[in-house]
Amino acid sequence: MADTSSRTDASTDGDTDPRDMGSERGQGMLAAASDSSGRSKDKLDQKTVRRLAQNREAARKSRLRKKAYVQQLENSRLKLTQLEQELQRARQQGVFISSSGDQAHSTGGNGALAFDAEHSRWLEEKNKQMNELRSALNAHTGDAELRIIVDGVMSHYEELFRIKSNAAKNDVFHLLSGMWKTPAERCFLWLGGFRSSELLKLLANQLEPMTERQVMGINSLQQTSQQAEDALSQGMESLQQSLADTLSSGTLGSSSSDNVASYMGQMAMAMGQLGTLEGFIRQADNLRLQTLQQMIRVLTTRQSARAFLAIHDYSSRLRALSSLWLARPRE
């Protein structure tokens, strides 16, 4: 019995319980996993910190860019104001600035300055009318009252063409050059004004919904205007060719007295040809006036009001574009 007890004690003291060994291994694995998780968490925290720092830096640069852009716009506005003041002073002194900006000549005798002043007043009155028209539409004014405003706008356009007709008698080249318009507006100038056909295309998407009859009426008016414009353009081309032929006939570069009579005859003939320019301007303006009159006959009162506002807003955007272009920073 003593031996058995002794062996049992020895066995107990010398051998390790498998459960104890498993427990130790488990604790080791848990410690390793915990350490790995900690390192992973540290890496994620570092990435987050870097990302946040990058975001803050990007936001700071964005604020700086925005501040610089706002400052640039403010500088452009100041330059625009200065340019407008200089232009106004030049006009008051009777000086006409050419399109290239490198020439100037007096306009006191050709009526250009007087036309520019009248056109400026016309624009101011038009702006007032457009504000009234816009307010009436927003307030859902009745058709009867709205019709009075629309008719007033139409009468104001008639006044513009009367002013232009008088100006063409004094200085037709001033109207053709478009110097009374802004640079962006001059890009679309045709015989001293807008193309009626292009105007109708512009309005097509602004007046929806339209009835089938209205669509047909506007399309027909657009085609008729296009045909009339093509005829006038061909007439102008013929006039230019006739002028070139007249001025180039005979001997160029000679100053002998034998050619004096021929020269004077050429100038007289050319002057007569230039006299037809006034007729082209008048016909083009009549086409523009008739197009507007026909347009408001096809449209309802509210559609006509929207059409006039669309024309006004388009012209205003062209003038704003010109102002921004002239005031742009130059390196």
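Residues numbered from 1 in each chain as written. Predicted model: local features only at pLDDT ≥ 70, side-chain atom pairs only at ≥ 80, totals over all residues. Heavy atoms only, no water.

Undergrad: How should the overall build of the protein chain be read in this particular structure?
TA: A count of helical and extended segments in the protein chain gives 10 helices and two strands. Shown N-terminal to C-terminal, the secondary structure of the protein chain runs as helices and strands in the order α-α-β-β-α-α-α-α-α-α-α-α. Considering the protein chain as a whole, with its 331 residues, one finds that 30% of them fall into the buried category. Long-range contacts, defined as pairs at least 24 residues apart, comprise 76% of the intrachain contacts of the protein chain with a sequence gap of at least 6. When the accessible surface of the protein chain is split by element, carbon and sulfur atoms take 53% of a total near 21,600 Å². (Helix = DSSP H or I, 4+ residues; strand = E, 2+ residues; numbered from the N terminus. Buried < 20%, exposed > 50% of the residue type's maximum accessible area, 1.4 Å probe, protein only. Contact = heavy atoms within 4.5 Å. Areas by Shrake-Rupley, 256 points an atom, 1.4 Å probe, with all protein chains shown as cover.)

Undergrad: Please explain the packing of helix α7 (residues 212-248) against helix α8 (residues 260-274) as it appears in this structure.
TA: Packed helices, taken two at a time, are described by the angle between their axes plus the distance between the axes. Relative to each other, α7 and α8 sit at 170°, their axes nearing to 9 Å. The orientation of α7 with respect to α8, classified from their angle, is roughly antiparallel. Only Gln266, Met267, Met269, Ala270, Gln273 and Leu274 of α8 make contact with α7, whose side of the interface consists of Leu239, Ser242, Leu243, Thr246 and Leu247. For the contact of α7 with α8, the residue count by class is seven nonpolar, four polar and no charged. (Axes fitted to C-alpha atoms, helices over the stretch in contact; angles between N-to-C directions. Parallel < 35°, antiparallel > 145°, perpendicular 65-115°, else oblique. Nonpolar A, V, L, I, M, F, W, Y, C, P; charged D, E, K, R; others polar.)

Undergrad: Explanation requested: a nonpolar patch on the surface in the structure shown.
TA: Together, Val260, Tyr263 and Met264 make up a nonpolar patch on the protein surface, roughly 310 Å² of accessible area in all. On the accessibility criterion, tyrosine 263 (46% relative accessible area) is partly exposed. (Patch = residues over 30% accessible without salt bridge, like charges linked within 9 Å, V, L, I, M, F, W, Y side chains within 5 Å. Salt bridge = Lys/Arg side-chain N within 4 Å of Asp/Glu carboxyl O.)

Undergrad: Looking at this structure, how should I read helix α4 (residues 143-177)?
TA: Think of an α-helix as 3.6 residues a turn; residues three or four steps apart then line up on the same face. For α4, built from 35 residues, the straight-helix expectation of 51 Å at 1.5 Å per residue is missed by more than 12%, its first-to-last C-alpha distance being only 40 Å. Helix geometry: α4 is bent most strongly at aspartate 171, by close to 120°. One or two steps after α4, the chain reaches glycine 178, where phi turns positive at roughly 75°. (Expected span 1.5 Å × (residues − 1). Bend = angle between axes of the 7 residues up to and from the residue.)

Undergrad: What is the right way to look at the confidence of the model for the protein chain in this model?
TA: Any region with low pLDDT has predicted coordinates that should not be read closely. Per-chain confidence: the protein chain averages 80 in pLDDT, with 71% of residues scoring 70 or above. Contacts for the low-pLDDT stretch residues 1-16, under 50 throughout, to residues beyond four places or in other chains number one contact. Note on residues 93-109: pLDDT under 50 across the span, and 22 contacts to partners over four residues away in sequence or across chains. (pLDDT = per-residue confidence, 0-100.)

Undergrad: Before we go on, may I ask you to explain the side chain of threonine 301 in this structure?
TA: On the secondary structure map, threonine 301 appears in helix α10 (residues 301-326). What threonine 301 contacts, discounting residues up to four positions off in sequence, is Asp143, Leu146, Arg147 and Val150.

Undergrad: Sorry, what's going on with the environment of glutamate 185 here?
TA: Relative to the assigned elements, glutamate 185 resides in helix α5 (residues 183-186). Taking the C-alpha atoms as reference points, glutamate 185 and serine 322, separated by 137 residues in sequence, lie 7.9 Å from one another. Excluding anything up to four places from it in sequence, glutamate 185 contacts Ser315, Leu318, Arg319 and Ser322.

Undergrad: Help me understand the pattern of salt bridges in this model?
TA: Side-chain pairing between opposite charges can occur once the charged atoms of the two side chains come close. According to the stated counting rule, one finds 12 salt bridges in the structure shown. Across the pair aspartate 285 and arginine 288 runs a salt bridge whose closest N-O atoms are separated by 2.9 Å. With aspartate 285 and arginine 288 both in helix α9 (residues 277-298) and three residues apart, the pair spans about one turn of that helix. Overlapping salt bridges bring together Lys164, Asp285 and Arg288 as one network.

Undergrad: Explain the packing of aromatic side chains to me, please; I cannot follow it from the model alone.
TA: The description of an aromatic ring pair rests on the distance of the ring centres and on the angle between the ring planes. Tallying each qualifying case throughout the model produces three aromatic pairs. Aromatic side chains phenylalanine 115 and tryptophan 180 sit 5.2 Å apart centroid to centroid with 85° between the ring planes, which places their arrangement in the edge-to-face category. Remark: tryptophan 180 occurs in the loop between α4 and α5 and phenylalanine 115 occurs in helix α3 (residues 112-138); sequence separation between them is 65 residues. For the residue pair phenylalanine 115 and tryptophan 180, the accessibility class agrees, reading buried in each case. The structure contains a cluster of three or more aromatic residues connected by ring pairs, namely Trp122, Tyr157 and Phe308. In this structure, arginine 288 is placed above the aromatic ring of phenylalanine 194, and the distance from its NZ or CZ to the ring centre is 5.8 Å. We note arginine 328 situated over the ring of tryptophan 325; from NZ or CZ to the ring centre the distance is 3.6 Å. (Phe/Tyr/Trp six-rings, centres within 6.5 Å; stacked < 30°, edge-to-face > 60°. Lys NZ or Arg CZ within 6 Å of the ring centre and 35° of its normal.)

Undergrad: What is the right way to look at the side chain of aspartate 171 in this model?
TA: Within the secondary structure, aspartate 171 sits in helix α4. On the basis of relative accessible area, aspartate 171 is assigned to the buried category, the value being 15%. Side-chain polar atoms of aspartate 171 contact the backbone nitrogen of phenylalanine 173, separated by 3.3 Å. (Polar contact = N/O pair within 3.5 Å; in protein donor to acceptor, adjacent residues only side chain to side chain.)

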